[in-house]
Amino acid sequence: VEKIHVEGRQVVGVTVNGQPIKTRAVLSNANLKVTVLQLIGSEHFDPDFVEQTEAVRLNNSSTQVYMALKPDETFDESCGDLLFSSTAPVFQTDMLLSRNVTSRTYSFYYPRTRPELGRYLIVASTNANYADWAGLPREEYDRRKADLAETTLEAIEKYVPGIRDKVDHVEVGTPLTFERYTKHWAGASFGTKFEGLAVSRGLPERIAGMYHAGSVAIIMSGWLGAVNYGVIVANDVDAFLMKK
Ligand SMILES: Cc1cc2nc3c(=O)[nH]c(=O)nc-3n(C[C@H](O)[C@H](O)[C@H](O)COP(=O)(O)OP(=O)(O)OC[C@H]3O[C@@H](n4cnc5c(N)ncnc54)[C@H](O)[C@@H]3O)c2cc1C
């Protein structure tokens, strides 16, 4: 979707891959700030609403290291499904986000739970600062990715001994990866902070037929919050369309 079209204070359509489509209602689950400031455009709102939207904070981003084991290699089921690890001596937000990683979350996937793949897989996730990854020369970006893969393999050795010999494929996702594929500004993993909810809920009051759902800090902004909020907003859209 390149643009959401508004005439007066009413949604009239969208443009998708260059093709205009007429509609009376739009429900966007793109990032809230992208929806208001870019897809619709601030010129369609009163200055107070634009200001309120601009003040909404984005959540931080993430990195992920995806590891696939060779076809016959395994790890012990005692790893569990989700393992939280930290070597930080104290809890500190900037340490959680630092490129000098001290906290990692491992997701372990077993053939038993993913029979169609028949492979043992691990995903190591960290929180991350977008600024540590954006705007780097290509070589430095690649170096940081390689470094993250290396230090992750080092860290996981404790739980999966011999991981380097067992692993078949390693791939790294950075804040730029998440920005590219989800289009959340700054690769925000969990959308916007809680003040985003008021903007999201206020949208149809500003522009008739315009709705937003997605990560706006309901149940910590994860998928469960996004799903629940989506159901709530879908009902609003339904009621709007039935009224007409
Ligand atoms: C690395 C990472 C780890 C996470 N871990 C967890 C976790 O453990 N637990 C948890 O609950 N949540 C987790 N989350 C958050 C969770 O993924 C999100 O809360 C959830 O995906 C939000 O769903 P959504 O549908 O609102 O938005 P998204 O999943 O972001 O989907 C939006 C979709 O819209 C598309 N889009 C955007 N703009 C446009 C456009 N202009 N035109 C067409 N398409 C567009 C995007 O490509 C994307 O497919 C994680 C997120 C990341 C990035």
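Above this text sits the structure in question.
Reading guide: rules and limits
- Residues numbered from 1 in each chain as written.
- Predicted model: local features only at pLDDT ≥ 70, side-chain atom pairs only at ≥ 80, totals over all residues.
- Heavy atoms only, no water.
- Helix = DSSP H or I, 4+ residues; strand = E, 2+ residues; numbered from the N terminus.
- Buried < 20%, exposed > 50% of the residue type's maximum accessible area, 1.4 Å probe, protein only.
- Contact = heavy atoms within 4.5 Å.
- Lys, Arg positive; Asp, Glu negative; His and termini not counted.
- Charge placed at Lys NZ, Arg CZ, Asp CG, Glu CD.
- Pairing = 2+ DSSP bridges.
- Axes fitted to C-alpha atoms, helices over the stretch in contact; angles between N-to-C directions.
- Near = heavy atom within 4 Å.
- Polar contact = N/O pair within 3.5 Å; in protein donor to acceptor, adjacent residues only side chain to side chain.
- Areas by Shrake-Rupley, 256 points an atom, 1.4 Å probe, with all protein chains shown as cover.

1. Remarks on the overall build of the protein
- A count of helical and extended segments in the protein gives eight helices and ten strands.
- Along the longest, intermediate and shortest principal axes, the C-alpha atoms of the protein span 65 × 40 × 35 Å.
- When the 244 residues of the protein are sorted by exposure, 39% land in the buried category.
- Within the protein, contacts between residues separated by at least 24 positions form 67% of all contacts whose residues are at least 6 apart in sequence.
- Within the protein, one finds 26 positive and 30 negative side-chain charges whose respective centroids are separated by 4 Å.

2. Concerning the sheet that holds strand 7 (residues 103–109)
- The strand order across the open sheet built from five strands is 6-7-8-5-9, with neighbouring strands paired in antiparallel fashion. Where the open sheet ends on each side, the last strands, each with one partner, are strand 6 (82–86) and strand 9 (167–173). With strand direction ignored, the average angle separating the axes of adjacent strands in the sheet is 20°.
- In the sheet, strand 6 pairs with strand 7 via five bridges, with the strands oriented antiparallel. Each bridged residue has a counterpart across the sheet, and for Phe84 the counterpart in strand 7 is Thr105.
- In this fold helix 4 (residues 138–156) packs onto strand 5 (61–69), strand 7, strand 8 (121–128) and strand 9, with an angle of close to 65° to the strand it touches most, strand 5.

3. Looking at the site of the ligand
- Neighbouring residues of the ligand: 19 residues in total, closest Val1, Asn29, Tyr181, His184 and Ser221.
- In this structure, an oxygen atom belonging to the ligand sits 2.8 Å away from a main-chain N or O atom of Tyr181.
- Alone, the ligand offers 990 Å² of accessible surface; in the complex the protein occludes 63% of this.
- Residue assignment for the shell around the ligand shows that the elements contributing at least two residues are strand 5, helix 6 (175–182) and helix 8 (223–243).
- The biggest single contributor to the shell around the ligand is helix 6, with three residues.

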